[in-house]
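Analysis of the macromolecular model
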Amino acid sequence: MADILRVAVIGVGHLGRHHARILGSLEGVRLEAVVDINAERAAEIAKANGTTPLTDYRNLFGRVDAVSIAAPTELHHQIALPFLEQGVGVLVEKPMARTLAEADALIDAARASGATLAVGQTERYNPAVATVMPLVTEPRFIEVHRLGVFPDRSLDIDVIFDLMIHDLDIIATMVKSDVTSVEAVGVPVLTPKFDIANARLRFASGCIANLTASRISRDRVRKIRFFQPYSYISIDYAAQEAEGWRLVRRDGQRPSIEGGPLPVQKDEPLRRELSDFVGAVREKRPPLVTGEAGRAALALAERIAERMESV
């Protein structure tokens with residue numbers, strides 16, 4: 001592979017335009033093009049980043065080493081598959097596909113060609129998550145609140161796949177145990193899809209996770225809390241802040257509670273994600289969030305959605 005990595009962004013709406021901004025600024029990367037079916041938007045983002053606008057992703061074949069896909073979920077499989085079959089690295093936004101069958105097809109194609117397949121579970125790259133990850137060793141109860149105001153995007157999918165899937169990925173990574181039961185309820189308030197949802201997961205380890213996700217709240221909240229024997233850890237995703245508290249016992253003294261804010265080196269999660277993707281393509285190594293990890297989060301989201309549909 002040449003020293004300069006040729007990349008393109010497919011879908012430059014709300015999130016994709018940030019992919020273009022960051023990829024265009026990374027050392028050793030050339031933003032070959034941006035693609036969007038809206039020609040005016042493609043031209044606007046291309047001009048802002050000094051690259052070429054396109055309206056058809058197929059015009060990239062043979063011209064790029066990697067692509068970042070931020071198109072609607074229903075198009076992920078259709079767009080990603082031919083690039084993976086050609087050995088081109090692909091980062092696909094979450095959820096990675098509409099169905100597990102589509103996700104499996106992407107994983108199989110990447111494995112057959114040796115292409116890098118990464119999934120945009122951006123919270124995994126949140127510096128606060130990276131700080132806390134080694135401290136969560138035996139979680140027994142996890143509580144999540146991910147609340148947002150009504151958006152003008154991602155209304156083609158339930159809030160489970162739009163918002164909750166971030167936390168499902170984090171929890172699956174930290175608990176490392178099979179889910180044995182799922183209870184869930186969802187309500188379609190402003191769209192035909194579920195706009196607010198609550199899920200309660202029980203793991204084989206005995207851990208229970210309670211998750212609430214909403215895109216119709218007045219305030220923005222993105223927090224997760226971990227309770228384990230003699231310690232409590234919390235993350236504020238948005239503020240990139242973390243706290244840790246623990247019970248300390250000393251001979252001849254009353255137990256005390258010690259802890260406080262944990263040191264977090266703040267950074268833009270999306271920049272960390274895209275830098276990792278570029279590094280994975282260059283070095284032919286797995287990215288932090290692999291296709292298999294993206295599939296696991298999608299599978300858990302599907303189980304929750306199925307439970308809500310059966311209520």
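Quick look at the structure, then. (Residues numbered from 1 in each chain as written. Predicted model: local features only at pLDDT ≥ 70, side-chain atom pairs only at ≥ 80, totals over all residues. Heavy atoms only, no water.)

1. Comments concerning the pairing of strand β10 (residues 208-214)
- Burial analysis of β10 places seven of its seven residues in the buried class, the great majority of the element.
- By the alternation rule, side chains of β10 split into I208, N210, T212 and S214 and A209, L211 and A213, which are all buried.
- Both strand β7 (residues 141-147) and β10 contribute to a ladder of seven bridges, which runs parallel. Note on β10: the bridge partner recorded for H145 is T212.
- The sheet contact formed by strand β9 (residues 196-203) and β10 spans seven bridges and is antiparallel. Each residue of the ladder has a partner; that of R200, found in β10, is N210.
- Hairpin connection from β9 to β10: four residues lie between these consecutive antiparallel strands, with G206 at a positive phi of about 100°. (Buried < 20%, exposed > 50% of the residue type's maximum accessible area, 1.4 Å probe, protein only. Helix = DSSP H or I, 4+ residues; strand = E, 2+ residues; numbered from the N terminus. Pairing = 2+ DSSP bridges.)

2. Points about the pattern of salt bridges
- Under the criterion given, the structure shown has 23 salt bridges.
- Residues R17 and E44 are paired through a salt bridge, measuring 3.8 Å at the closest nitrogen-oxygen approach. Of this pair, R17 sits in helix α1 (residues 16-23) while E44 sits in helix α2 (residues 39-49), and the two are 27 residues apart along the sequence.
- Assessed through its relative accessible area of 44%, E44 is described here as partly exposed.
- In this structure, the salt-bridge partner of D108 is R111, at a minimum N-O distance of 3.3 Å. On the criterion of helical spacing, the pair formed by D108 and R111 is a turn pair, its members being three residues apart in helix α4 (residues 100-113).
- For D108, a relative accessible area of 45% corresponds to the partly exposed category.
- When salt bridges that share partners are traced, they join K94, D162, D195 and R215 into one network. (Salt bridge = Lys/Arg side-chain N within 4 Å of Asp/Glu carboxyl O.)

3. Some remarks on the environment of R6
- Along the chain, the position of R6 falls in strand β1 (residues 5-10).
- Looking at R6, the relative accessible area reads 25%, which means it is partly exposed.
- Not counting residues up to four positions away in its chain, the partners in contact with R6 are R30, E32, G62, R63, V64, D65 and A66.
- At 3.2 Å, the side chain of R6 and the backbone oxygen of R63 are in polar contact. (Contact = heavy atoms within 4.5 Å. Polar contact = N/O pair within 3.5 Å; in protein donor to acceptor, adjacent residues only side chain to side chain.)

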